[in-house]
Amino acid sequence: MEKFVQIEKVGQTFDTKKGKFVALRDIDLTIRKGEFIALIGHSGCGKSTLLNLIAGLTLPTTGVLLLEDREIAGPGPERGVVFQNHSLLPWLTCFENVYLAVERVFGAKEGKAKLKERTAAAISLVGLDHASAKYPHEISGGMKQRVGIARALSMEPKVLLMDEPFGALDALTRAKLQDELMRICEATKATTVMVTHDVDEAVLLSDRIVMMTNGPAATIGEILEVKLPRPRERLILAHDPAYIDYRAAVLEFLYEKQAHVEKMAA
Amino acid sequence: MSAVTMGGDFGTEKPVDRAPSHRDTVPVGNINEVPLGGNTHSKPGAEVAAEPAKEKKMEKATTPPLQATGSPFGEKLGGLGRAILPPALGMMVLIGIWYIATMKGGSIPGPVQTWDAAAALFADPFYRNGPNDQGIGWNVLASLQRVGIGFGFAALVGIPLGFILGRSAFLSAMVNPIISLLRPVSPLAWLPIGLLVFKKADPAATYTIFICSIWPMIMNTAQGVQRVPQDYLNVARVLALSEWKVVTKILFPAVLPYMLTGIRLSIGTAWLVIVAAEMLTGGVGIGFWVWDEWNNLKVEHIIIAIFVIGIVGLILEQSLILLAKKLTKESS
């Protein structure tokens, strides 16, 4: 197994007013190249904290994270992030938002025409050619999220990190974007880590589902390998016994083994 | 008297502020207002909007009922009346009180005298009889020029400084106590220093404007920089943008609204201070003019000057609000 991303004995402690808060402990995970990983768990279990660690936005208190055997010491464009709330700059058009990223990564080596071509290609990939000149406030939430994905993909990152990218969308738009994401990941062979709390989303998209225990001091509870053949079709899978089993396994973990979330929160 | 004036002013200001927004909504609402005349007309109205090809035919159908009922037009007139009537009434009450208070004569001239003096004054606002006797137009322009220069320098220094302080916690901690110490000082206290340094009245007055304008500019810009949403900064970090790109593509557009607030506050203070500064330094300028007319005991001119200063201040403020609206609309 090729080790692309290695997370070794990672723990994260935050200093709060009430003293130290242990968010994550003893996280060990290895991600293969081209793999699609879903991080799932109840809210407050540190899924996003783990994603931020891989992104390099925060640094671990203990342990180490490696990408291609090099330590992740800070954020960088080789790890594209799709933020939960799209985080498009409102004063730039969709095209300009993507162009900002493209220019940063390829600006030193390539001419303007080529950069624009790349930007247009990334916007095409998420099917937004018609909205390219629009400002973020002029388009729908689903479209904004797609621009966010286009921005992340345009940098040709080694790892695509997504923090509940479809959480704020309605079910129909979400399904559409999930299908699109599957197509894109298939086409680009992107290594992807996605934080989600949607069981169907996790089973449909992932190669492995990393299920996390409840916080504080959360860690990886179980890892479920999803061996469904690709390309996957949601309508066909809905009646697939294997799919139903995977789904049941995740649900069981979340609602039986980690059911005490309410008490913990209270 | 002054309290009444203040109250009256506030009364007028608010409705005037709202008036444009009312007018903005009226054209949009117009489409909706057509149906208000009766349900039968609502359908043609909607179709006009949907199918421009049939417009001419439909116009014939829709216009007569519009005129017949007249209710939307009446409503519009009512809306306009609501926007204009209260401020006009406030103004009339103010002038009425002024009139009654000065009816018995005395040192303060009444509205009629003042109006006559103003008519004479504004008949030739741009005359020049030597350096100490110039038209009111020149005086206002001279003051505006000082404010412009002092304010411009303040923006040139204050905005970049605000950016730096907003970006660096260390520098901010270093400079903030100094700013807190100096900010409450009346800008006029700086005037003697200005006179000493520049040896001339005119740059000293400009320098006073610089001093009073720079604080709001620094503070608001720095605050704006500190309040840039973390999301945007995360984007910058993930893309590993250069500091220059961070400033031009993320910080500047995000801080712009705060900066404009700083500019608006600054220009308000600057316009307040220039009158006082000019009273002390002399020369040409509306503040000096007030003092000169006091020495000439032309009280009606002082009252005119008060109105002129008020109106110019209002125009400055409103045009900046307008500019801010335009710029933030474009950027958001």
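Residues numbered from 1 in each chain as written. Chains lettered and ligands numbered in written order. Predicted model: local features only at pLDDT ≥ 70, side-chain atom pairs only at ≥ 80, totals over all residues.

## A closer look at the sheet that holds strand β7 (residues 159-163) of chain A
Sheet strands associate in pairs through backbone hydrogen bonding, adopting either a parallel or an antiparallel arrangement. Residue and element names in this part refer to chain A. Spatially, the six strands line up as an open sheet ordered β6-β7-β8-β3-β9-β10, and their pairing is mixed. Of all strands in the sheet, those bounded by a partner on one side alone are β6 (79-82) and β10 (220-225). Pairwise comparison of adjacent strand axes, ignoring direction, gives a mean angle of 15 degrees for this sheet. Against the sheet, helix α1 (residues 47-55) contacts β3 (36-40), β6, β7, β8 (191-196) and β9 (208-212), and its axis sits at roughly 150 degrees relative to β7. (Pairing = 2+ DSSP bridges. Helix = DSSP H or I, 4+ residues; strand = E, 2+ residues; numbered from the N terminus. Axes fitted to C-alpha atoms, helices over the stretch in contact; angles between N-to-C directions. Contact = placed C-beta atoms within 7 Å.)

## Describing unusual backbone geometry
All names here are of chain A. Here the bond from Arg230 into Pro231 is cis, since omega is -5 degrees, no more than 30 degrees from zero. With respect to the helices and strands, Pro231 occurs in the loop between β10 and α7 (234-237). A positive phi angle, near 60 degrees, is found at His86, a position not held by glycine. Tracing the chain through its elements places His86 in the loop between β6 and α2 (94-106). Residue His86 is classed as buried on the basis of its C-beta count, with 22 C-beta atoms lying within 10 Å. You will see that Glu156, though not glycine, has its phi angle at about 45 degrees, which is positive. (Buried ≥ 20, exposed ≤ 12 C-beta atoms within 10 Å, placed from the backbone.)

## A short note on the environment of Pro160(B)
Residue and element names in this part refer to chain B. Considering the arrangement of structural elements, one finds Pro160 in helix α6 (residues 136-167). Exposure remark for Pro160: the 14 C-beta atoms within 10 Å place this residue in the partly exposed category. Spatially, the C-alpha atom of Pro160 lies 9.5 Å from that of Met217, the residues being 57 residues apart in sequence.

## Points about helix α9 (residues 201-226) of chain B
Residues and elements named next belong to chain B. Under the 1.5 Å per step criterion, the end-to-end length of α9 is 38 Å for 26 residues, consistent within 8% with the ideal 38 Å. Taking the largest bend as the criterion, α9 deviates by roughly 25 degrees, centred on Ile214, and proline Pro216 comes between one and four positions later. Burial within α9 is extensive, with 21 of its 26 residues counted as buried. (Expected span 1.5 Å × (residues − 1). Bend = angle between axes of the 7 residues up to and from the residue.)

## Looking at the pairing of β7(A)
Residues and elements named next belong to chain A. β7 sits mainly inside the fold: five of its five residues count as buried. Across the two faces of β7 the burial is the same, with Val159, Leu161 and Asp163 and Leu160 and Met162 all buried. Across four bridges, the pairing between β6 and β7 is parallel. By the bridge assignment, Gly80 is partnered in β7 with Leu160. When β7 meets β8, the two strands line up parallel, connected through five bridges. Its bridge partner lying in β8, Asp163 is registered against Val195. Between the parallel pair β7 and β8, the chain is carried across by helix α5 (residues 171-188), and the sense of this crossover is right-handed. (Right-handed = clockwise from strand over helix to strand, strands pointing away.)

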